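Structure assessment
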Amino acid sequence: MLPGVCSPHLIPRVCNGPSQGRGRTPYRDETINRPGYATAMKVHAILNREGGTLRTTDLDLLTSVICDEFRLHGHEIEVVVLGSAEIGEEIRKQSLRGDLDVLMVGGGDGTVASAAGAVAGTSIALGLLPAGTMNLFARSLQIPLVLDQAVKALATGRVAEVDIASVNGDYFVHQFAVGLHARMVRTREKLDYASRFGKMWASVRAVGSAIQSRPSVELKLTVDGKLETIRTPAVAISNNVYGDGHVPFADDPQGGKLGIYLMRSSDRGAVLKLTVDMMRGAWKANENLTVAAADDIRIEYRGAKTKDRAVMDGELKDLARVSNVKIHRRGLKVLVPEEATFA
């Protein structure tokens, strides 16, 4: 058990800030030698010791950093460290609290997606510590990618409302995909890795394997009422359209539109080039990719296999015969840095 972190018994480490009530609580920002202000919040932080970069992080030190930083700025905070099997129930329990301002999580894509889905449409804001492999939603929210910098930015941050998407009522914050991506994740999960870089290398190997096999899926797509029957190696739908010139994440998390990305060629070279172009943000120039923005999308699937045929925020999901994808404008409250430009 980690010193000071009572996670095996779900006894949180409680770090109470100054008892001055809620509202505008003054603190002294020594770095710029002038008074600053942060809104006092009640925060519950959950760290997944088996998720993302936290597998190799000193979690006792990180817990102390979180407690000290949030307390410095007048907040009341509890921190628990749990294993993956315990995370879901803890998120569910905390999302039902009537006295909580922020549910903050640190872990991989699965942890983030679970917490976002639990607090979407409620008064509780999601706080996100970038502890995954790519941290794509954290990038959209303009949260620093170094953990201690992220803690400082969130401790002095503010709550904003951003969009969240859903498939048949299940929420996602980044992407829902069918085809190549699902095969890649299925392959990657069979490989052993114990770190962020190990996962990245496993992903590279999985991409190579998926491209060699060149999977193809037949779908009926209805995009804003327009029907098309297609056979494609891959289709992906994003919560807001990806920005240019960087790894795939939305520059504007309040854009109010789904992005849809449809691969038009199954040629091995074309698939490889598109995969590389997507990762470097050059997808707009790729002639084998059709991109559109939409309010709602319907996917009809008649394939023989449904188990683990889709990926939602990095996690394998069974593919329903009919998937209705929707955007929920400003449906998720999030804690973001004070200087976040989109808000």
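Computed from a prediction, not measured in an experiment: that's the story for all the values here.

1. Quick notes on the pattern of salt bridges
- Summed over all chains, the structure comprises 16 salt bridges.
- Between K257 and D295 there is a salt bridge whose closest N-O contact spans 3.1 Å. With K257 in the loop between strand 13 (234–239) and strand 14 (258–263) and D295 in the loop between strand 15 (289–294) and strand 16 (296–301), this pair connects stretches of sequence that are 38 residues apart.
- Look at K257 and you get partly exposed, because its relative accessible area is 32%.
- When its relative accessible area of 28% is taken as the criterion, D295 is described as partly exposed.

2. Points about the sheet that holds strand 18 (residues 315–317)
- Taken in spatial order, the six strands make up an open sheet running 15-14-13-10-17-18, and their pairing is antiparallel. A strand with exactly one partner marks an edge of an open sheet, and here the two such strands are strand 15 and strand 18. On average, adjacent strands in this sheet sit at an angle of 20° to one another, irrespective of strand direction.
- Strand direction decides the pairing type here: strand 13 and strand 14, joined by five bridges, are antiparallel. Counted as the bridge partner of I237 is I260 from strand 14.

3. Some points on the pairing of strand 6 (residues 102–107)
- Counted residue by residue, strand 6 has six buried out of six residues, so it is predominantly covered.
- Every second residue of strand 6 is oriented toward a common face, with V102, M104 and G106 on one face and L103, V105 and G107 on the other, all of them buried.
- Bridging between strand 4 (residues 42–48) and strand 6 involves five bridges; their strand directions are parallel. Bridged to I46 within strand 6 is V105.
- Summarising the sheet, strand 6 and strand 7 (residues 125–130) pair through six bridges and their orientation is parallel.

Analysis parameters
Residues numbered from 1 in each chain as written. Predicted model: local features only at pLDDT ≥ 70, side-chain atom pairs only at ≥ 80, totals over all residues. Heavy atoms only, no water. Salt bridge = Lys/Arg side-chain N within 4 Å of Asp/Glu carboxyl O. Helix = DSSP H or I, 4+ residues; strand = E, 2+ residues; numbered from the N terminus. Buried < 20%, exposed > 50% of the residue type's maximum accessible area, 1.4 Å probe, protein only. Pairing = 2+ DSSP bridges. Axes fitted to C-alpha atoms, helices over the stretch in contact; angles between N-to-C directions.

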